[in-house]
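Breakdown of the fold
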Amino acid sequence: MIRKVLAIESSCDDTSVAVVDDKGFVHSCLSQSQYEAHKPFGGVVPEIASRNHTHHILPLIDAVLKQAVCTWDDIDGLVVTSRPGLVGSLIVGLVTVKTLALVFNKPFIGVNHLEGHLVAPLLSDSTYKPSEDFTYPFVGLTVSGGHSSLYFVPSFGTYQELGSTIDDAAGEAFDKFAKMVGLGYPGGVQVDQWSQKGDKARYQFPRPLIKEDNFQFSFSGLKTAALRTLEKIPEAERKAELPHLCASYQEAIADVLITKLGQALKKLGLKRAVITGGVSANSRLREKAQELSQNDGIQIQIPPIRYCTDNAAMIGFAGIQRLNRGERSTQSLGPKPRAPLDQDHS
Ligand code: KG4
Ligand code: ZN
């Protein structure tokens, strides 16, 4: 029985390390952002990301063990994100975990980053606990910088993709819009903040595929519509219009995501959902989720913001459940840039 694991997440730009137990309780989770390093480039530069992971990872491991009041004797196994992600970034976590597994003679497993996001709402710590009666099966909406998908999740480890984005991910749509209106990187948080004082009904942006009888998303047309709207606003008025542009754009994305989630729940006859991934930090998306919950009697579990964005705690919780089913990775495990969750067998 594996009771406690040390987990590493380094699939993109954040380096994160956590100690998690088999109940999903987070004993410690520390992350180092690389925001400042990538900011001048307006996006993540893969070479810079992997180099910074190598600098951050060992001090983070020491700090996490200290904060969790653990020694290596207390750690029964290791978990690492092995797919999907930036190959150079994934390799840093992988090599670290494979080395630690050899040195300390511990079992380890590589997990899919998206599985981590889907179990994130079920984590707990000293200030967050999911509802006690929340359980499988549920519909999972995973919305991040690289992914926007709806899944039917009958039990841990079984994922049926109902639909996903056919072009940009929701987070990408936020980030590209933010760049377009001069808000910098990463844009989602900034658009959310600027929206607070904006009128969400001032601009009518399209809701792509909202009426289609499927669970696909498309956000590239929305971005083009925003660009056309922006071009029509005289330069001198753009600053004053920015809160309204942000609020209207955010409303369109939140509307599409929550409408599709509601449709999926209806089609499957389910009353439970999780919303997860970086975009689930969005305040308007959370409000609309609350509305769906109240209007349709849906139980929706959204993790606190620290577990919405990339973090090692969610990776540890996915991995420990797999280790306790007897699954193990071997030293031949390598990174994969792409790994759709419903076709993932490694
Ligand atoms: O899950 P995540 O940390 O990394 C990926 O796996 O992609 O998600 C990052 C994405 C970024 O696109 C970021 O702009 C978006 O999540 N994001 C937000 C908010 N906070 C982060 N988007 C909208 N509103 C937010 N408050
Ligand atoms: Zn992510």
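Remember, it's a predicted structure, so these values are computed and weren't measured experimentally.

Quick look at the coordination of the zinc ion (ligand 2)
Around the zinc ion (ligand 2), the protein contributes the donor atoms His113 (NE2), His117 (NE2) and Asp310 (OD), which lie 2.0 to 2.2 Å from the metal centre. Taken together, the 4 donor atoms coordinating the zinc ion (ligand 2) and their angles of 93 to 148° define a geometry best described as irregular. Donor residues binding the zinc ion (ligand 2) come from one chain and are separated in sequence as H-x3-H-x192-D. Taken together, the positions of histidine 117 in helix α4 (residues 113-119) and aspartate 310 in the loop between α10 (305-308) and α11 (312-323) put the pair 193 residues apart, joining distant regions of the chain. Assessed through its relative accessible area of 0%, histidine 117 is described here as buried.

Observations concerning unusual backbone geometry
In this structure, proline 137 follows tyrosine 136 across a cis peptide bond, with omega equal to -5°. Despite not being glycine, valine 69 shows a phi value in the positive range, around 50°. With respect to the helices and strands, the residue valine 69 is situated in the loop between α2 (46-67) and β4 (77-83).

Remarks on the domain arrangement of the chain
Each assigned domain of the chain is listed with its residue range as follows: domain 1 (4-128 + 307-343) and domain 2 (138-303). Contacts between the two partners involve 25 residues from domain 1 and, on the opposite side, 26 residues from domain 2. Buried surface at the junction of domain 1 and domain 2, both sides included, amounts to about 2100 Å², of which 69% is carbon and sulfur. Considering only the surface of domain 1 that becomes buried against domain 2, Leu118, Pro121 and Cys308 emerge as the three largest contributors, covering 29% of it. Counting across the interface, domain 1 meets domain 2 through 0 salt bridges.

What counts, and where the lines are drawn
One numbering rule holds for all chains: residues counted from 1, following each sequence as written. Here the convention is simple: chains get letters from A, ligands get numbers from 1, in the order in which they are written. Local features are withheld for residues below a pLDDT of 70 in this predicted model, meaning they are given only at 70 or higher, and side-chain atom pairs are given and counted only at 80 or more; totals for whole chains, interfaces and linings count all residues. Side-chain measures were taken over the full set of non-hydrogen atoms in the model, leaving aside hydrogen atoms and water. Metal-coordinating donors are taken as N, O and S atoms lying within 2.8 Å of the metal, or within 3.2 Å when the metal is Na, K or Ca; because water is left out, some sites can appear incomplete. Square planar and octahedral assignments, for four and six donors respectively, both demand that opposite donors be over 155 degrees apart and that all other angles lie between 65 and 115; tetrahedral needs four donors with all angles between 85 and 135 degrees, and anything else is irregular. A run of DSSP states H or I qualifies as a helix once it reaches four residues; a run of E qualifies as a strand once it reaches two. Both are numbered from the N-terminal end. Classification of residues uses two cut-offs on accessible area relative to the type maximum, computed with a 1.4 Å probe and protein chains only: under 20% is buried, over 50% is exposed, and between them is partly exposed. Domain start and stop points were drawn from an automatic or database domain assignment. Throughout, a residue-residue contact means that at least one pair of heavy atoms, one from each residue, lies within 4.5 Å. In short, buried area is how much 1.4 Å probe accessible area vanishes from two parts on joining, totalled over both. Here, a salt bridge means any Lys or Arg side-chain nitrogen found within 4 Å of an Asp or Glu carboxyl oxygen.

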